[in-house]
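What the coordinates show
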Amino acid sequence: MKTTEAPFVQSYIRLTHDAWLKGWHERNGGNLTYRMTDEDVAAVQENLKPASEWLPIGVEVKNLANEYFLVSGTGRFMRNVILDPAANIGIIKVDEQGLNYQIMWGLEGAGRPTSELPSHLLSHSLKKDLTNGANRIIYHAHPTNIIALTFVLPLEDKAFTRELWEMATEDAIVFPEGIGVVPWMVPGGAEIARESARLFKKYNIVIWAHHGMFVCGKSFDEAFSNMDTAEKAAEICVKVLSMGGKKQTISAENLKQLAKDFKVQLNEEFLD
Ligand code: 13P
Ligand code: ZN
């Protein structure tokens, strides 16, 4: 099978195109990685061959040894993935020690994986353990309204979670555990990787102040929807603030009723 025809590659391309249309990916902004299943690897095995030397990941991810990932290229534009997947995305393999990776397909034209690879792989490593292998996606985007709010709301998990829970009735059901906030940091290194992974122990959605969002998901739909739901809540919040602020809202009591009826466990820390 041609790599670009494999269902997991098609799903990846669909997400990148939808997200471009959403306005989340100016220029090379954002990156997406997918941890392939054994079936995915088998489907494209004939096209996988070493296309680079072993290169350092920058963090250690022992439980991802020998795993394959479909990744976006650094400096490549999400907008262009649909036009030329082999130039803009690629498949990498992690080595036996979980310290290095090798390009096995794509990233044509001397491409390299996203500069956020340390954050992605450290988060994959953590979420793989926490979900018994169910989590497959780590996704970073630059959605406008979330970024705007990081200039106005306190950079605290509670402030963001509570504000965004209140912005649409069903939001608390989508992210009942809440949302984490990483203070401003230089992108692309081990430090932002460790801070994001620390927050991913509790949350599935993390905000990078003045930069964007970092989310995970078991499927492309789940990862996309986490980004979409949080960004839509932020858009409502920006509109409400622009109209002079809240005159009424969904109360803590309302949130508790919602949690009871929908049988979700809301993070108690954010309910007082
Ligand atoms: P890359 O082009 O290296 O993926 O970087 C984009 C980005 O959004 C960094 O945070
Ligand atoms: Zn970014």
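Rules of the game
Residues numbered from 1 in each chain as written. Chains lettered and ligands numbered in written order. Predicted model: local features only at pLDDT ≥ 70, side-chain atom pairs only at ≥ 80, totals over all residues. Heavy atoms only, no water. Helix = DSSP H or I, 4+ residues; strand = E, 2+ residues; numbered from the N terminus. Buried < 20%, exposed > 50% of the residue type's maximum accessible area, 1.4 Å probe, protein only. Contact = heavy atoms within 4.5 Å. Areas by Shrake-Rupley, 256 points an atom, 1.4 Å probe, with all protein chains shown as cover. Lys, Arg positive; Asp, Glu negative; His and termini not counted. Charge placed at Lys NZ, Arg CZ, Asp CG, Glu CD. Pairing = 2+ DSSP bridges. UniProt positions renumbered as here; feature names shortened; annotations may be inferred. Donors = N, O, S within 2.8 Å, 3.2 Å for Na, K, Ca; no water. Near = heavy atom within 4 Å. Polar contact = N/O pair within 3.5 Å; in protein donor to acceptor, adjacent residues only side chain to side chain. Nonpolar A, V, L, I, M, F, W, Y, C, P; charged D, E, K, R; others polar. Axes fitted to C-alpha atoms, helices over the stretch in contact; angles between N-to-C directions. Parallel < 35°, antiparallel > 145°, perpendicular 65-115°, else oblique. Left-handed = near helix turned anticlockwise from the far one by under 90°. Expected span 1.5 Å × (residues − 1). Core = buried A, V, L, I, M, F, W, Y, C linked by side-chain atoms within 4.5 Å.

Regarding the overall build of the protein chain
A count of helices and strands for the protein chain gives 11 helices and 9 strands. Each principal axis of the C-alpha atoms in the protein chain carries an extent, and together these give about 60 × 35 × 35 Å. Every one of the 272 residues in the protein chain was classed for burial, and the buried ones make up 56%. Considering only contacts in the protein chain between residues 6 or more positions apart, those separated by 24 or more positions represent 73%. Of the roughly 12200 Å² that the protein chain leaves accessible, carbon and sulfur atoms contribute 52%. Averaged over its 28 positive side-chain charges, the protein chain has a centre that lies 1 Å from the centre of its 35 negative ones.

Considerations on the sheet that holds strand E7 (residues 180–182)
Working definition: the strands of a sheet are paired by backbone hydrogen bonds and lie parallel or antiparallel to each other. Taken in spatial order, the 9 strands of this open sheet run E2-E5-E4-E3-E1-E6-E9-E8-E7, and their pairing is mixed. Edge positions in the sheet fall to strand E2 (55–56) and E7, since each has one partner strand and no second.

Side note on the UniProt feature "active site" (unreviewed entry) in the protein chain
The UniProt feature table records "active site" (unreviewed entry) at Glu116. Locating Glu116 in the fold gives a position in the loop between strand E5 (100–106) and helix H5 (117–130). Judged by relative accessible area, which is 3%, Glu116 ranks as buried.

Focus: the coordination of the zinc ion (ligand 2)
The protein atoms that coordinate the zinc ion (ligand 2) are His140 (NE2), His142 (NE2) and His211 (NE2), at distances spanning 2.0 to 2.1 Å. Here the donor residues of the zinc ion (ligand 2) share one chain and are spaced in sequence as H-x1-H-x68-H. Separated by 71 residues along the polypeptide, His140 in strand E6 (residues 137–141) and His211 in the loop between strand E8 (205–208) and strand E9 (212–217) bring together distant segments of the chain. There is no split in this pair, since His140 and His211 are both buried.

Brief notes about helix H9 (residues 190–200)
Of the positions making up H9, those classed as buried are Ile192, Ala193, Glu195, Ser196, Ala197, Leu199 and Phe200. In this structure, the buried side of H9 is in contact with H5, E6, helix H7 (157–165), E7, E8 and E9.

Let's talk about the site of ligand 1
Near ligand 1 the following residues occur: Asn28, Gly29, Gly30, Asn31, Thr74, Gly75, Thr114, Ser115, Glu116, His140, His142 and His211. Note that an oxygen atom of ligand 1 is positioned 2.7 Å from one of the side-chain N or O atoms of Asn28. Protein coverage of the free-state accessible area of ligand 1, which is 310 Å², stands at 92%. Per-class residue counts for the shell around ligand 1 are no nonpolar, 11 polar and 1 charged.

Quick look at the UniProt feature "domain: Class II aldolase/adducin N-terminal" (unreviewed entry) in the protein chain
Taken from the UniProt record, the annotation "domain: Class II aldolase/adducin N-terminal" (unreviewed entry) applies to residues 10–238. Here residues 10–238 is 40% helix and 19% strand, with 34 Å between the C-alpha atoms at its ends.

Concerning the environment of Leu164
Here Leu164 is to be found in helix H7. Residues Leu164 and Glu235 lie 71 residues apart in sequence; the distance between their C-alpha atoms is 9.6 Å.

Some remarks on the packing of H5 against H9
Between H5 and H9, the shortest axis-to-axis distance is 8 Å and the interhelical angle comes to 25°. In this view, H5 runs roughly parallel relative to H9, as classed from their interaxial angle. Pair H5 / H9 crosses with right-handed handedness. Note on element contacts: H9 touches H5 through Ile192, Ala193, Arg194, Ala197 and Phe200, opposite Pro118, Ser119, Leu122, Ser123, Leu126, Lys127 and Leu130. Its residues placed into classes, the contact of H5 with H9 shows 8 nonpolar, 2 polar and 2 charged.

Topic: helix H10 (residues 220–242)
Spanning 23 residues, H10 covers 33 Å between terminal C-alpha atoms, matching the ideal 33 Å at 1.5 Å per step. Positive phi shows up at Gly244, right after H10, with a value of about 105°.

Overview of the nonpolar core
One finds Phe8, Leu70, Ile91, Tyr139 and Leu164 to be the most contacted residues of the largest nonpolar core, which totals 69 residues. Within the second largest apolar cluster, 17 residues are counted, among which are Ile103, Leu121, Leu122 and Ala197.

Describing unusual backbone geometry
The phi dihedral of His210 falls on the positive side, at around 60°, and the residue is not glycine. Relative to the helices and strands, His210 is located in the loop between E8 and E9. A residue is classified by how much of its surface remains accessible, and His210, at 32% relative accessible area, is partly exposed. One non-glycine residue with positive phi stands out, namely Lys263, at about 55°. Structurally, Lys263 can be placed in the segment after helix H11 (252–262).

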